[in-house]
Amino acid sequence: MIDECLVVEFAVTGDDCPLAEASRETGVRIDCQPPQHRDDGYALLRFSAPAENDGLAAFLDEDDRIRYLHVSTTDGRQNFRCLSKHACVVHELTNVGFMAESLRYRDGDAKFTGAVVGHDVLQGVLEAAGETVGMRLERVHQLGSEDENVVAQQWDVTPAQERALRTALESGYFSVPRGATASDVADELGISKSAFLERLHRAERSMFAQIFA
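Since this is a predicted model, take the numbers as computed values, not measurements.

Student: Explain the overall build of the chain residue by residue, including any values.
Tutor: Counting secondary structure elements, the chain contains 8 helices and 9 strands. In the chain, which comprises 213 residues, the share counted as buried stands at 39%. Long-range pairs, those at least 24 residues apart, make up 64% of the contacts in the chain with a sequence separation of at least 6. Roughly 12,000 Å² of accessible area belongs to the chain as shown, and the carbon and sulfur atoms make up 48% of that amount.

So this is what it looks like as structure tokens:
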């Protein structure tokens, strides 16, 4: 039985995978699900970006490492699926115990969020990454700890709503004058503007109902 599972967030520099290069060359922020590696050596990539971007699809289509690129647009975002024959550094991290949940690429750099089982595995992940890319541990806490759940539990909001509130606050959405638009915060969360506003309004309703009860 596993006694300790850590939620971790890494900042990564120097990754030369197709998505890192595409984000650097186009300036588009790319939100990616963990790649699925196949027996034939290819990896299935599923990722999204704002629908209004500077030629991301065209750039990827010209990359010889990308195969079978498919693009669809839903609710203001482009959704991509493709095969890549270039292994991202997250593949090496997975081999030593990193359980990726999300990957975000921007200006050639990346943020990986996921989990590891114990500090020994965490150390092994850091050492493995250090052989190929620059990697910095940005955040770590125990799965299910107060750091993760205290706001959601106190105000009866969902974890997704809590993340929307926290990101909006950190981005300056609530500042006067406003430092970020709803679209800016939605992009930071990797969701549509309408999804962000729905989470925000549901969280506000729940919190205000308790404050003014």
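Now that the structure has been shown, we can carry on.
Student: Can you lay out the pattern of salt bridges for me, pointing to particular residues and giving the numbers?
Tutor: As enumerated under the stated definition, the model contains 14 salt bridges in all. A salt bridge links R24 to E25; the shortest N-O distance between them is 3.9 Å. What makes R24 partly exposed here is its relative accessible area of 41%. Residue R77 is joined to D31 by a salt bridge in which the shortest nitrogen-to-oxygen separation is 3.2 Å. Placement of the pair is R77 in strand β6 (residues 77-84) and D31 in strand β2 (residues 30-32), with a sequence separation of 46 residues. A relative accessible area of 6% places R77 in the buried class.

Student: Before we move on, can you summarise unusual backbone geometry with the specific residues and values?
Tutor: The omega torsion of the bond from V176 to P177 falls at 0°, within 30 degrees of zero and hence cis. Within the chain, Y68 stands out as a residue other than glycine whose phi angle is a positive 55°. Relative to the helices and strands, Y68 is located in strand β5 (residues 66-74). The class of Y68 is exposed, set by a relative accessible area of 69%.

About the cut-offs
- For every chain, the first residue of the written sequence is number 1, and numbering continues from 1 along that sequence.
- Where totals are concerned, whole chains, interfaces and linings use all residues; where local detail is concerned, this predicted model gives features only for residues with pLDDT of at least 70, and gives and counts side-chain atom pairs only at 80 or more.
- Hydrogens and water are ignored here; the side-chain numbers use all heavy atoms of the structure.
- The helix and strand labels rest on DSSP assignments: H or I over at least four residues marks a helix, E over at least two residues marks a strand, and numbering proceeds from the N terminus.
- Only protein chains enter the area calculation, which uses a 1.4 Å probe; residues under 20% of their type maximum are buried, those over 50% are exposed, and those in between are partly exposed.
- The contact definition used throughout considers only heavy atoms, calling two residues in contact when any of these lie within 4.5 Å.
- For every accessible area listed, the method is Shrake-Rupley and the probe measures 1.4 Å; residues are considered covered only by the protein chains on display.
- In the sections that follow, a salt bridge refers to a side-chain nitrogen of Lys or Arg positioned within 4 Å of a carboxyl oxygen of Asp or Glu.

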